[in-house]
Each structure stands twice: as C-alpha cells, then as structure tokens.
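# Structural features, examined
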Amino acid sequence: MKLSTFFLNTLKEEPRDAEVISHKLMLRAGMIKKLASGIYSYLPYGLLALRRVETIIREEMNAAGAQELLLPAVQPAEIWKESGRWAVYGKELLRFFDRKGAEFAIGPTHEEVITDIVRDHVHSYKDMPLNLYQIQTKFRDEIRPRFGIMRAREFIMKDAYSFDADDESAEKSYKAMFSAYERIFSRCGLRFKAVEADSGPIGGSFSHEFMVLAETGEDSILSCSRCTYAANQEKAEVAKPDVYSWEDALDGSPREVHTPHIRTVQEVCEFLDIQPQNLIKTLVYTTEKGPVAVLVRGDHDVNETKLCRVLGCENLELADEVFIQEHTGAPRGFAGPLGLKMPMVADTALLKNGPFVAGANREDYHITDVWLTRDARIQSVEDIRAAIEGDSCPRCPTGKLQVIRGIEVGHVFKLGTKYSSSMNALFLGEDGSLNPIIMGCYGIGVGRTVAAAIEQYHDEHGIIFPPAVAPFQVLVLPISLGDTKVMETAGALYDAFKDRGIDPLMDDRDVRPGVKFKDADLIGVPIRITVGAKDLAGGYVEIKNRGQGTIEKVAPDRAVEYCIEQLQHKGMMFDRTD
RNA sequence: CGGGGCGUAGCGCAGUCUGGCUAGCGCACCUGCCUUGGGAGCAGGGGGUCGGAGGUUCGAAUCCUCUCGCCCCGACCA
C-alpha cells in the first residue's frame, strides 16, 4: 500500500474528548472516528488492525473445532420473553418497534438466537458436542460509554456457544475454549492473565476472564505472589484467618461510651484514638428476603457480589436513613451487632484481633470491648469483604495477594441449562431420556483487544503495534522522491516484500522527512526501512525496530531477509496455524 | 439518574463576563516559490447558518428562555 493514496489522516494535536492513551492514539493515528457517543467508525487503518485480530480468532476457533455462522443483529422480543431476559435485561437492551408495531431489540448478545437455532436442529446426543461462533456487531446501551472503542455501545464481538450432552463433555468444551483463548492472546503478542470470575446470576461452576495487563485497565485483579491464583475483584476470595481463642476474649466486657455526633469510621477512630481495624462497621442492607445487617472491619469494604451469593438473594441495596432509624433505633452511623433485631452476617476478619468497637444502636453512643462471637448473636460468619492488597492467598499457605490492573478482553463461562431449559432446547440421550442441552458461552471483545494492545504497547511518540496485530508489518520510507536511486531501491524493496507475502506500507508522499518519521512512529509499524541518498552511497539502508528502538545498517539486497528474520526471531511474525 | 464542564472551519482554541465595522488564531487543506534525515520558511487562497429554536435589542457568537449533543466524576453494569 502506498501512503500517497491510502486513506489515512493523522492528527498532530490531541483530541479533546479522549481520556485514555489507546483512545487518543487511535484517533490520532486515523484508526477510528466517533459518530455518536459510544459509536465509532473504523477507518481503513483501524479496520486492518481489527481484521488481524479477527483472523487470529477465526483460525484458533476453527482449529478448536468451532464452526462460524452469522446471526441477525435485530432480534424479535419473543425469544427474549421466552428466555425471561426481556424483563430482566433493563435499559441496556435497545428496544424498538417495527412498522407493524412488533417489538424488537438490537442484540447485545446472542444466547436466545443461537438456542433457537439449536433447538430446531439438534435432537440427539449424537449431534454433540457442537460449538458455533459468530463475529459481529452488537449493541449495549451503556449508561456511560467511555474510553473510545474500549467501552463503546456498538462493538464487535466474537461469541461462541458450546452444546454438550453431559457435564463431562461440557467441561471438555470449556477447557478447549480456554486453551484456544490462551493461544489467541499469545498470538496477538499480548501480556495477559486468565482470572477466576464470578459467573453471576447465570450460575455454573466455571468462569474465567482473560485480562490484558495494563496500568490503565478498568478492572482490578487480585493475584497471588506465590501460586497461580488470580481472580477479579468481584470474585477474589480471602483466606480464613486464625480464630481468636476464648482466653483472649475474656478480658473486658462491653461498655457503652458517649460519642456525640461521631458517626463515620474516621471520626470514631479519632475520637476514641483507635485504628479502623479495631472497629466493626455495621451496614444495613435490604434484600428481597428482608433486611440484613452486614458486619465488616472498619478498614474493609463489603464485596456485594460475594454477599449476594452468601445470602442467596438477587437484589441488594443499602438501606436508607429512615429504614435504619426504624430498624436499629438510631440514626445512620450508630448501628452495631449488639441487640440488633435482624439477621446478621459477619466477615471472617472479625474472628480475629478483638476486641472491637461497634455502634450501640443508640444515638451518640458506641460500645467498646466487643468480642463478636461472645457478645453478639451472629447467624453466620462468611467471606464477604473485598479482597485487598496484602491479604493472604486463599489457595496457598504463604502467598499474599497483590492488586494488578487489567482490561477484560475475553470471558468464558458455563451457562448450564439456563437457556436450553427456558427455551426448550432438548435432546434425546443414549438411554432415551429427554434432557436440556448443556451450554457454554465464550466471548472476545475484538475492538477492545485492539485497544488493549495499544494500551499495553505504546510510548510518547505513538503506537508500537505487536506485529501480529499491526496493519502493516513493514514501512518503506524513501527520504527524497526526487532521487532516482532512492526511489528505485525503495520500489525494489517494496516489490520484494510483496513477493514474500508481506504487505508493506510505502511512504511515497512528497513531504519532508520529519513528517514521515513522526507519522511512522505514531502509527506504530513494527519495522521501518529508511532509504536515503547518503546511506545508499555508503551501501546500506537503515532498519529501525519500533519496539526496541534499535537501528541497523543493512545492505539493500539483504534488507528484506533481515526484516523477516527480525519479525520471526523476535517472535513478532504473524504466525499462521492453518 | 445526581454533580460539574463544554458546543465558534476537519482538528485544537481565542472572542462571550462588559452586545457594535467584514468573526479571529494555530494545525490540516489548495496554488506558487523555496526546501528535503525528526512535524521547515515565504507569499497568496478556500472553507463558518458561532449546536438548534424562540425572545430582548437599532444591532446578538456575546443577554434571556427552551431544546439537542458531547465530555468528566459518581451511582450502575457484560
């Protein structure tokens, strides 16, 4: 491709609305253009990168035995009502009417559609295992789209669905996808981590998220320093602490102290001269099963996902001021476990390091010398707090959890029979019994993967594409268009790359060299070959590795070979498996 | 949905408080000269219903009312 005719417009100045690096660079490098909030066009340069990722995904999915199909973006309300999600999905599902008044939605995901297909075509255990996938545009009407293509409303996603006759087979399907994902992100050249995730209300025993590691990532990951345990913030467990002994618990007995207008953790600590870890924070939640008091240490936060699972409830909300006054007998800030008349759940951390200070359920009073299991009627002690840096690993004896940031690019989970049951996707087993198909679902944000690659690989000059994702792997940059020798050499290199099956980009624009160099750095082509008159007189061209910043002088007739070696040697080559 | 901010040329901005000649600047774009190893210089040029509607006024980018869009923080969420 010749740059003089390629549809590419780079920007010198930073777009005002862009916040994160990948968004800024994608706009500046002419990859995308915003049409509306969370809705973007892919311009040719951006599309090339997107296609690279798509191709890798396609190859690995096919290699794993999945079959590609294409599903409609517009979906009738009926199938959503059948699965029960029409009522549950909320405003994120963009709904509308057609001319006849029939109700439709734009697909945010395709479980219903795929289940509808499979229930009509799969009737026997002999038809499985089956794995079908699609790569296409989806729409979720996000409350707040941001970060450009990373969290857009319209986005391109690969979704695969597996169908199995029994759990063992379903687990195999899951593992096959898991390792396909490892290959996909490895081939993209990304540093990533698969972390345990909460499978949410859908249930199921497995769920993993694939996170591209980047400082600017939106998600927190807790990862063990010693073993392989890693989980997202929602799921991350905390090791059970040693429980205090009853001898310790004997000293002191609960005493009320006057704490006028002292209600926040910080205020109580200052007033009584104690540390937050010596305080019991009592939070009142309302659920569909009634109110519940949740006790955590003053320096800890409740993890509502874990709490929900422990309580077995679906809706969880912090109670308001009025509710608290009514049920604890005191305004917000003075609730405590002693004498509280509602179910209580305490976090495991409260089994250790007593005694504690807690609210007295009486305005302007707290209670000191509280030993939780001695003094309060606690229904259950569970792991319900958010894990934090330095917590003990739940899987190994000595590891500590550390917090790292990541961008979620993939999610694999077991759906079980949620959709097959509600939508009647049944099959006949070997024994003649009729059962719902066991499903799994495996997504990859394609556009987000491109953004994540940029987020992970860039410097102050621009993008540094991993070669497998790069729209072009090589850029031929002749310095002076007026010099015949330069243009001949550049042209020969350009043709030679094409002969070797590499599509090079040639900057044949009649602009000053500085402009070309700046653009080359910005758009992040992995290898740049500069052809200049002086170098040619010396018998060489200059080959720059964008990632390493190294520059080598190489004879023109060896240049193509050298570049290919570089791309292969550094593991940078776009390596095909099919 | 709550709080904050912004809409003036493709991009980045000034002008708005305190109304007044033909609405400016930088980048980008076009023409010419010149230049050619890290976003050169000179000269000339094109491009705007100042987000939209209504109002006040002799006169509105500027003041008032309504409205639409966009961004950030928060709440929320695959």
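What you see is a predicted model; the values in this text were computed from it and never measured.

### A short note on empty space enclosed by the protein
Considering all chains together, one arrives at one cavity of 30 Å³ or more under this definition. Size it by volume and the largest cavity reaches roughly 50 Å³. Looking at the largest cavity, the residues that line it are L475, A520, D521, V525, P526, I527, R528, K544 and R546. Across the lining of the largest cavity, the residue classes tally to five nonpolar, no polar and four charged.

### Digging into helix α1 (residues 21-28)
Each α-helix winds once per 3.6 residues, and so residues spaced three or four apart point in a common direction. Most of α1 sits inside the fold, with seven of its eight residues counted as buried. Among all positions of α1, only S22, H23, K24, L25, M26, L27 and R28 are buried. Along its buried surface, α1 packs onto β1 (32-36), β2 (39-42), α13 (446-456), β25 (458-459), β26 (462-463) and α15 (513-523). Remark: G30 follows α1 within two positions and exhibits a positive phi of approximately 70 degrees.

### What to know about the protein's contact with RNA strand B
In the vicinity of RNA strand B there are 38 residues, among which R16, R144, E408, D521 and E542 approach most closely. The sugar-phosphate share of atoms of RNA strand B within 4 Å of the protein amounts to 48%. K34 is positioned such that a nitrogen or oxygen atom in its side chain is 3.0 Å from a sugar or linking oxygen of RNA strand B. Measuring from a base nitrogen of RNA strand B, one finds a backbone N or O atom of F517 at 3.5 Å. Going through the elements one at a time, β1, β21 (401-416), α15, β29 (527-531) and β30 (541-545) are the ones with two or more residues in the surface near RNA strand B.

### Let's talk about the sheet that holds strand β19 (residues 365-370)
The antiparallel open sheet is built from three strands, whose spatial order is β13-β19-β18. Each edge of the open sheet carries a strand with a single partner, namely β13 (255-258) and β18 (356-359). For this sheet the average axis-to-axis angle between neighbouring strands, irrespective of direction, equals 35 degrees.

### Here we look at the nonpolar core
Judged by nonpolar contacts, the single largest core of 60 residues is most densely connected at M31, Y45, M61, Y181 and F465. Residue contributions to this core peak at seven residues, all from helix α2 (residues 44-63). Of the residues that make up this core, three or more belong to each of domain 1 (50-217 + 404-455) and domain 3 (472-573). Excluding anything up to four places from it in sequence, M61 contacts A66, Y133, K158, A160, M177, Y181 and I184. L71, L132, F163 and M439 belong to the second-largest nonpolar core, a separate cluster that totals 27 residues.

### Brief notes about unusual backbone geometry
The amide bond that connects M128 to the next residue, P129, takes the cis arrangement and shows omega of 5 degrees. Along the polypeptide, P129 turns up in the loop between α5 (111-121) and β7 (130-139). If you check the backbone angles, H261 has positive phi at about 60 degrees while not being a glycine. Mapping H261 onto the fold places it in the loop between β13 and α8 (265-272). H261 sits in the exposed class, given a relative accessible area of 61%. The backbone of D273 sits at a positive phi, close to 55 degrees, despite the residue not being glycine.

### A word on the pattern of salt bridges
Scanning the entire structure with this criterion turns up 36 salt bridges. Salt-bridge contacts for E82 lead to R119; the nearest nitrogen and oxygen are separated by 2.6 Å. With E82 in helix α3 (residues 77-83) and R119 in helix α5, the pair connects residues that are 37 residues apart, well separated along the chain. Note on E82: relative accessible area 33%, which makes it partly exposed.

Procedures and definitions
- Residues numbered from 1 in each chain as written.
- Chains lettered and ligands numbered in written order.
- Predicted model: local features only at pLDDT ≥ 70, side-chain atom pairs only at ≥ 80, totals over all residues.
- Heavy atoms only, no water.
- 1 Å grid on protein atoms, 1.4 Å probe; cavity = no way out; pocket = protein on both sides within 12 Å on 5 of 7 lines; lining within 4 Å.
- Points joined across faces, edges and corners; volume = space filled by probe spheres on them.
- Nonpolar A, V, L, I, M, F, W, Y, C, P; charged D, E, K, R; others polar.
- Buried < 20%, exposed > 50% of the residue type's maximum accessible area, 1.4 Å probe, protein only.
- Helix = DSSP H or I, 4+ residues; strand = E, 2+ residues; numbered from the N terminus.
- Contact = heavy atoms within 4.5 Å.
- Near = heavy atom within 4 Å.
- Polar contact = N/O pair within 3.5 Å; in protein donor to acceptor, adjacent residues only side chain to side chain.
- Pairing = 2+ DSSP bridges.
- Axes fitted to C-alpha atoms, helices over the stretch in contact; angles between N-to-C directions.
- Core = buried A, V, L, I, M, F, W, Y, C linked by side-chain atoms within 4.5 Å.
- Domains from an automatic or database assignment.
- Salt bridge = Lys/Arg side-chain N within 4 Å of Asp/Glu carboxyl O.

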